Amino acid sequence: MKFSSPEHALKWAYETISRPIVKISSVNDMREASRAGGIAGNGELTVHDRHAQAALILSLCERVLPTLHMAYVRVQFGREASGFELLTHHLAANFGTGLHSRRSIEQIIRAYCGEKIGLREIRKSMSCGMLKAVSYRNQAYDTLDVIHAQAIDKLGMEMENRGLLRSGSSSLVS
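Residues numbered from 1 in each chain as written. Predicted model: local features only at pLDDT ≥ 70, side-chain atom pairs only at ≥ 80, totals over all residues. Heavy atoms only, no water.

A. Spotlight on the packing of helix 4 (residues 67-76) against helix 8 (residues 130-161). Two numbers describe how helix 4 lies on helix 8: the axes approach to 10 Å, and their chain directions differ by 100 degrees. The orientation of helix 4 relative to helix 8 falls into the category roughly perpendicular. Where helix 4 approaches helix 8, its residues Leu68, His69, Tyr72 and Val73 are matched on the opposing element by Leu144, Ile147, His148, Gln150 and Ala151. Residue classes in the contact of helix 4 with helix 8 are distributed as six nonpolar, three polar and no charged. (Axes fitted to C-alpha atoms, helices over the stretch in contact; angles between N-to-C directions. Helix = DSSP H or I, 4+ residues; strand = E, 2+ residues; numbered from the N terminus. Parallel < 35°, antiparallel > 145°, perpendicular 65-115°, else oblique. Contact = heavy atoms within 4.5 Å. Nonpolar A, V, L, I, M, F, W, Y, C, P; charged D, E, K, R; others polar.)

B. Summary view of the nonpolar core. If you look at the biggest cluster of nonpolar residues, it comprises 44 residues, and the most contacted ones within it are Leu10, Ile57, Val73, Leu87, Ile109 and Leu144. For this core, the secondary-structure elements that each account for two or more residues are helix 1 (6-18), helix 3 (47-64), helix 4, helix 5 (84-95), helix 6 (102-112), helix 7 (119-126) and helix 8. With nine residues, the top contributor of residues to this core is helix 8. The residues touching Ile109, leaving out its near neighbours within four places in the chain, are Val75, Phe84, Leu87, Thr88, Leu91 and Leu144. (Core = buried A, V, L, I, M, F, W, Y, C linked by side-chain atoms within 4.5 Å. Buried < 20%, exposed > 50% of the residue type's maximum accessible area, 1.4 Å probe, protein only.)

C. Summary view of the side chain of His51. Residue placement: His51 occurs in helix 3. Judged by relative accessible area, which is 13%, His51 ranks as buried. Of the polar contacts made by the side chain of His51, one reaches the backbone oxygen of Arg19; its length is 3.1 Å. Excluding anything up to four places from it in sequence, His51 contacts Thr16, Ile17, Arg19, Pro20 and Ile21. (Polar contact = N/O pair within 3.5 Å; in protein donor to acceptor, adjacent residues only side chain to side chain.)

D. A look at the pattern of salt bridges. Applying the stated criterion to the full structure yields eight salt bridges. Where Arg102 meets Glu85, a salt bridge forms, and the shortest distance between an N and an O atom there is 2.8 Å. Placement of the pair is Arg102 in helix 6 and Glu85 in helix 5, with a sequence separation of 17 residues. Look at Glu85 and you get partly exposed, because its relative accessible area is 38%. For Arg102, the salt bridge is made with Glu106, and the minimal N-O distance between the two is 2.9 Å. Here Arg102 and its partner Glu106 are both found in helix 6, four residues apart, which amounts to about one turn of the helix. Judged by its relative accessible area of 38%, Arg102 is partly exposed. Among the ionic contacts, a cluster of salt bridges with common partners joins Glu85, Arg102, Glu106, Arg110 and Glu115. (Salt bridge = Lys/Arg side-chain N within 4 Å of Asp/Glu carboxyl O.)

E. Representation of the packing of aromatic side chains within the structure. Tallied over the full model, the rule gives four aromatic pairs. When the ring of Tyr112 is compared with that of Tyr141, the centres are 5.2 Å apart and the planes differ by 65 degrees; the resulting orientation is edge-to-face. In this pair, Tyr112 sits in helix 6 while Tyr141 sits in helix 8, placing the two residues 29 residues apart along the sequence. Taken together, Tyr72, Tyr112 and Tyr141 form an aromatic cluster joined through their ring pairs. (Phe/Tyr/Trp six-rings, centres within 6.5 Å; stacked < 30°, edge-to-face > 60°.)

F. Just the side chain of Ser125, in detail. If you trace the backbone, Ser125 turns up in helix 7. Every residue in contact with Ser125, bar those within four places of it in the chain, is listed here: Ser101, Arg103, Ser104 and Gln107.

Dropping the structure here:
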């Protein structure tokens, strides 16, 4: 299966891995498919093939990306809590000595990843004024944008080399 961009490949891989391979309702579909020549007979990937390709994409990420970038991929695309620790420490180091609340930094990361967390809630957990909260949030977003661009650029080059991206799709962020 070819993808339009590294982001599309990562979203698809994490979504595929999160689904079970066999559900009770699909057992009957598999029986019908095996009688009719199988799902793979018409050029489509089987469920097992899709899971294998998703695992291949995620293992490619593990091999190519540094730990900070892999933590970002886990949080952004996989919605895994395992990446929060490293991202929180990295952002806290970028903030300097003024902000030490792990909870507020995690809220900023979650808001960046699309969760509905408002600035008032972030400001309240930081115990600071609105301007200071906006400043910290913008600084964190800028740092996360750089991490995103670097990770997608590395993955894009590797996926292009391995033939996982459609030819002519140059949607890489420089």
